[in-house]
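Coordinate analysis (summary)
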Amino acid sequence: MTKKTADEALKDPKNWREATRLVHGGTLRSQFGETSEALFLTQGFVYDTAEAAEARFNGQDPGFVYSRYSNPTIAMFEERMCLLEGAEAARATASGMAAVTAALMGQLKAGDHLVSARALFGSCLYVIEELLPRFGIAATLVDGADLAQWEAAVRPETKVFFLETPTNPSLEIYDLKAIADIAHRHGARLVVDNVFASPVLQKPLQFGADCVVYSTTKHIDGQGRCLGGIILSSREFIDTYIHTYLRQTGPALSPFNAWVMLKSLETLPLRVNHQAASAARIADFLATHPNVKRLVYPGRADHPQAALARRQMKSGGTLVTFEVPGGKAGAFAVANALSIIKISNNLGDAKSIITHPATTTHQRLTPEGRAKMGISDGMLRLSVGLEDVEDLIADLSHALSALAQPGLAAE
Ligand SMILES: *Cc1c(COP(=O)(O)O)cnc(C)c1O
């Protein structure tokens, strides 16, 4: 390589490795040459002349027009996310649910059909089961692990497949490549809600997914401050299904929140990899604890889909799910005895968080609905944070000892 072409190659973010992309990718530096990315807290933009305004509006000049459409800080966040995900284009939204709703509503119309895994974030289930049918869009819910059910659910009017993997809170793994293949064979597109794995540990586009959505509220902020979401895909997909829908309906991300998340991306791999390493340690600790009836962690060899998890995820992730004896009373006793680990419903945060799905995130479901998703009353979901792992293990060890010992464990 000549010196000139080597220089050129190093200037192209596509040639950078992931950590470098997350520090420098997408930066738009203003005339002041600031080191840290600027926060453009502005609704609109001014034009030197009426002709310049006309050119912006008719698209001859690609500059910014209005922050509901786009904004330099949001554009930096979108471009950095594209470089992370390996996507051609992205659009940020005000929340994860705004991203999911736009990704589905943007593609579907009356008469269309959607196939979705049943194990979904509660609000996603609302959109699919209650909102879309009001507009004449039917849905079939399937057991995502059963490929035959995906295949059998397809109708001539099926346009979209939708899933999360690992699932919440059971941490089941669905086969992205196999499900994408079924979708494509029938002319449908696969949308993946990739929140649980995070973009550091799993890249669904590489396994054939057509579109990836995030609640950036989770690992991407990672410090419990802002709501946000993003939709990533090919340029053609974004232009065809998402661009106009978002511009005209307006679930725009605040430039301030975009700035917080843009800066968060600089440390995302450090945080997620550290949290996942701690989660693996904690899973091993819980797996042998006499007061833990069942432990689910996709990074352990005893996970029912361990081989599939290894194929599509870089590690087991930052979440651990476990079951204690004594049902709801046992789970509440453990959660209430924790000191460092907080009781909350967020995940991917620097702070470790414990959730009792049956009475919080999944309380809207019937007991039968929860049973179908493998959610028992003694189940707890732990999102592992950035604390020292020895302190987290000490906290869990102390809380589990609050359960009356061998009697309950022998149940
Ligand atoms: C949190 C979450 C959402 C919704 O995101 P918000 O930012 O809260 O709107 C969607 N899907 C999954 C898997 C989530 O964990």
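Residues numbered from 1 in each chain as written. Predicted model: local features only at pLDDT ≥ 70, side-chain atom pairs only at ≥ 80, totals over all residues. Heavy atoms only, no water.

As recorded in an unreviewed UniProt entry, the protein goes by O-succinylhomoserine sulfhydrylase and comes from Methylovirgula ligni. Annotation of the protein in UniProt includes, under Function (unreviewed entry), the sentence "Catalyzes the formation of L-homocysteine from O-succinyl-L-homoserine (OSHS) and hydrogen sulfide." Taken directly from UniProt, the Subunit (unreviewed entry) text for the protein runs: "Homotetramer." (UniProt positions renumbered as here; feature names shortened; annotations may be inferred.)

1. Quick word on the overall build of the protein
When its secondary structure is counted, the protein shows 16 helices and 12 strands. Scaling as 2.2 N^0.38, a compact globule of 411 residues should have a C-alpha radius of gyration of about 22 Å, and the protein matches this with 22 Å. Of the roughly 17900 Å² that the protein leaves accessible, carbon and sulfur atoms contribute 55%. Counting 40 positive and 43 negative side-chain charges, the protein places the centres of these two groups 1 Å from one another. (Helix = DSSP H or I, 4+ residues; strand = E, 2+ residues; numbered from the N terminus. Rg over C-alpha atoms; globule rule 2.2 N^0.38 Å. Areas by Shrake-Rupley, 256 points an atom, 1.4 Å probe, with all protein chains shown as cover. Lys, Arg positive; Asp, Glu negative; His and termini not counted. Charge placed at Lys NZ, Arg CZ, Asp CG, Glu CD.)

2. Side note on the site of the ligand
In the neighbourhood of the ligand, the contacting residues comprise Ser95, Gly96, Met97, Phe121, Glu164, Asp193, Val195, Phe196, Ser215, Thr217, Lys218 and Gly228. Between an oxygen atom of the ligand and a main-chain N or O atom of Met97, the distance comes to 2.8 Å. Here an oxygen atom of the ligand and a side-chain polar atom of Thr217 are 2.7 Å apart. Protein chains shield 92% of the accessible area of the ligand, which is 380 Å² for the free molecule. Taken together, the residues of the shell around the ligand sort by class into four nonpolar, five polar and three charged. (Near = heavy atom within 4 Å. Polar contact = N/O pair within 3.5 Å; in protein donor to acceptor, adjacent residues only side chain to side chain. Nonpolar A, V, L, I, M, F, W, Y, C, P; charged D, E, K, R; others polar.)

3. A look at the pairing of strand β3 (residues 138-142)
Here five bridges tie strand β2 (residues 113-117) to β3, and the two strands are oriented parallel to one another. Its bridge partner lying in β3, Ser116 is registered against Leu141. In this region the chain leaves β2, passes through helix α6 (residues 122-134) and returns to the parallel neighbour β3; the handedness of that crossover is right-handed. (Pairing = 2+ DSSP bridges. Right-handed = clockwise from strand over helix to strand, strands pointing away.)

4. Some points on the packing of helix α5 (residues 96-105) against α6
For any two helices packed against each other, one specifies the crossing angle of their axes together with the interaxial distance. Closest axis-to-axis distance for the α5/α6 pair is 10 Å, and the angle between their directions is 35 degrees. In terms of crossing hand, the pair formed by α5 and α6 is right-handed. Facing α5, whose interface residues are Met97, Val100, Thr101, Leu104 and Met105, α6 presents Ser123, Cys124, Val127, Ile128, Leu131 and Leu132. (Axes fitted to C-alpha atoms, helices over the stretch in contact; angles between N-to-C directions. Left-handed = near helix turned anticlockwise from the far one by under 90°. Contact = heavy atoms within 4.5 Å.)

5. A look at the pattern of salt bridges
Counted by the stated rule, this structure contains 18 salt bridges. Of the charged contacts in the structure, one is a salt bridge between Glu18 and Lys203, with a shortest N-O distance of 2.9 Å. Of this pair, Glu18 sits in helix α2 (residues 18-24) while Lys203 is found in the loop between β5 (189-193) and β6 (211-215), placing the two residues 185 residues apart along the sequence. Salt-bridge contacts for Asp112 lead to Lys159; the nearest nitrogen and oxygen are separated by 2.8 Å. Residue Asp112 is found in the loop between α5 and β2, and its partner Lys159 is found in strand β4 (residues 158-164); the two are separated by 47 residues along the sequence. Among the ionic contacts, a cluster of salt bridges with common partners joins Glu37, Arg80, Lys263 and Glu266. (Salt bridge = Lys/Arg side-chain N within 4 Å of Asp/Glu carboxyl O.)

6. A few points about the nonpolar core
The tendency in soluble globular proteins is for nonpolar side chains to be buried as a group. One finds Phe77, Met81, Ile282 and Phe322 to be the most contacted residues of the largest nonpolar core, which totals 54 residues. Structurally, this core is a two-domain feature, drawing no fewer than three residues from each of domain 1 (13-265) and domain 2 (269-404). The contacts of Phe322, once residues within four sequence positions are left out, are Leu286, Val292, Arg294, Leu295, Ile354, Gly378, Met379, Leu380, Leu382, Leu396 and Leu400. Judged by nonpolar contacts, the second largest core, of 26 residues, contains Ala99, Val100, Leu132 and Val191. (Core = buried A, V, L, I, M, F, W, Y, C linked by side-chain atoms within 4.5 Å. Buried < 20%, exposed > 50% of the residue type's maximum accessible area, 1.4 Å probe, protein only. Domains from an automatic or database assignment.)

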